[in-house]
Amino acid sequence: MRNILIVISGPSGVGKGTLVDLLLQEDQSLVKSVSCTTRAPREGEKDGVNYYFISRQEFRARIAENDFLEYDEHFGNFYGTPRSFVERRLRTHSVILEIDVVGALNAKRLMSKETVLIMVTPPSSEELEVRLAARGSESDEERAARLRRVRYELEQAPLYDYVVVNDDLQRTKNEILQIIRNEKEKTI
Ligand code: 5GP
C-alpha cells in the first residue's frame, strides 16, 4: 500500500477538526500535519497541537526560506504547511492536511500523484450557521466574513476528488476511512 497526502477541506465550523481527530484515533497509519499560523489561539487551542502559533515576522522569514509546502492568507492571518514535516512523514505514513481550497489545489499541483482531495460539506448552510454561532469564538463581523467564505468554498467542490456530507460524525468518519483505504490500495 502506498502512502498518500490526504487534504481535508470544508467551510469553517463544518466539523473537520473533530473528524480528523476521529480518523487519527482509528487508523495508526495516519498522521496529521500541524500548520503554522499567525492567528491568535482560540480558547482551548494548544501550540503544537492545533497549530504552531508564530509571529508574522517569523512567518515571513520561513516563507523566504521556502519552509512551507504551501501557504495562504485568510481573514488577515497567514496559514502554512511545514514542508519538511510532510516530506519526512510521507516516507512511513499517510499525512492529513486540514487546509482550505486554495492550499488544497496548490498541494495537488505540487504532489499530484499522491494527493487526494476530500471536501467535507454541511448538510445545509443553516446548520453551519448554528454551529458557528455555538462556537462563539468569533465576533459578528468575523462570523459574517466566514459565512461568505462558506459559499465560495462550497462552489469549489467540483475540483475535489471526493465530497462528503457531514450529516453524522461516525458515518462520515467511516466514509472517509474507506476512501483513504481505497486510495492507498491504488497503484499509480
Ligand atoms: P481557522 O482560523 O478556522 O483555524 O482556519 C481558517 C482557514 O485556514 C480554514 O479554512 C483552514 O482550513 C485554513 N488553513 C489551516 N491551516 C492551513 C494551511 O496550512 N494552509 C492553508 N492554505 N490553509 C490553512
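Structure's up top.
The structure reproduced in this document is the subject of the present report. (Residues numbered from 1 in each chain as written. Predicted model: local features only at pLDDT ≥ 70, side-chain atom pairs only at ≥ 80, totals over all residues. Heavy atoms only, no water.)

All right, on to the packing of aromatic side chains then. One pass over the structure, following the stated rule, counts 6 aromatic pairs. Seen in terms of ring centroids, Phe-59 and Phe-68 are 4.4 Å apart; in terms of plane orientation they differ by 20 degrees. Their pairing is stacked. For the ring pair Phe-59 and Tyr-71, a centre distance of 6.2 Å and an interplane angle of 70 degrees mean the geometry is edge-to-face. You can see Phe-59 sitting in helix H2 (residues 56–64) and its partner Tyr-71 sitting in strand E5 (residues 68–74), a full 12 residues away along the chain. Put simply, the rings of Phe-59, Phe-68, Tyr-71 and Phe-78 touch in pairs and so form one group of aromatic residues. (Phe/Tyr/Trp six-rings, centres within 6.5 Å; stacked < 30°, edge-to-face > 60°. Helix = DSSP H or I, 4+ residues; strand = E, 2+ residues; numbered from the N terminus.)

With that settled, the discussion passes to the sheet that holds strand E3 (residues 36–37). Two pairing modes exist for strands in a sheet, parallel and antiparallel, and in both the strands are linked by backbone hydrogen bonds. With mixed pairing, 4 strands are arranged side by side in an open sheet as E4-E3-E6-E5. The open sheet terminates on both sides in strands that have one partner only, identified here as strand E4 (52–53) and E5. Sheet topology places E5 next to strand E6 (residues 77–82); 6 bridges connect them, and they run antiparallel. Residue pairing across strands places Glu-70 opposite Thr-81, the latter belonging to E6. (Pairing = 2+ DSSP bridges.)

On to the site of the ligand, then. Within the structure, the ligand sits among 17 residues, and Ser-35, Arg-39, Tyr-51, Tyr-79 and Asp-100 are positioned closest to it. Side-chain polar atom of Ser-35 to an oxygen atom of the ligand: 2.6 Å apart, as the coordinates give it. Between Arg-39 and the ligand, the recorded distance is 2.7 Å, taken from a side-chain N or O atom to an oxygen atom. For the ligand, whose unbound accessible area comes to 510 Å², protein coverage reaches 95%. The pocket occupied by the ligand, as judged from atoms lying within 2 Å of grid points, is the largest pocket. (Near = heavy atom within 4 Å. Polar contact = N/O pair within 3.5 Å; in protein donor to acceptor, adjacent residues only side chain to side chain. Areas by Shrake-Rupley, 256 points an atom, 1.4 Å probe, with all protein chains shown as cover. 1 Å grid on protein atoms, 1.4 Å probe; cavity = no way out; pocket = protein on both sides within 12 Å on 5 of 7 lines; lining within 4 Å. Sits in = over half its atoms within 2 Å of the grid points.)

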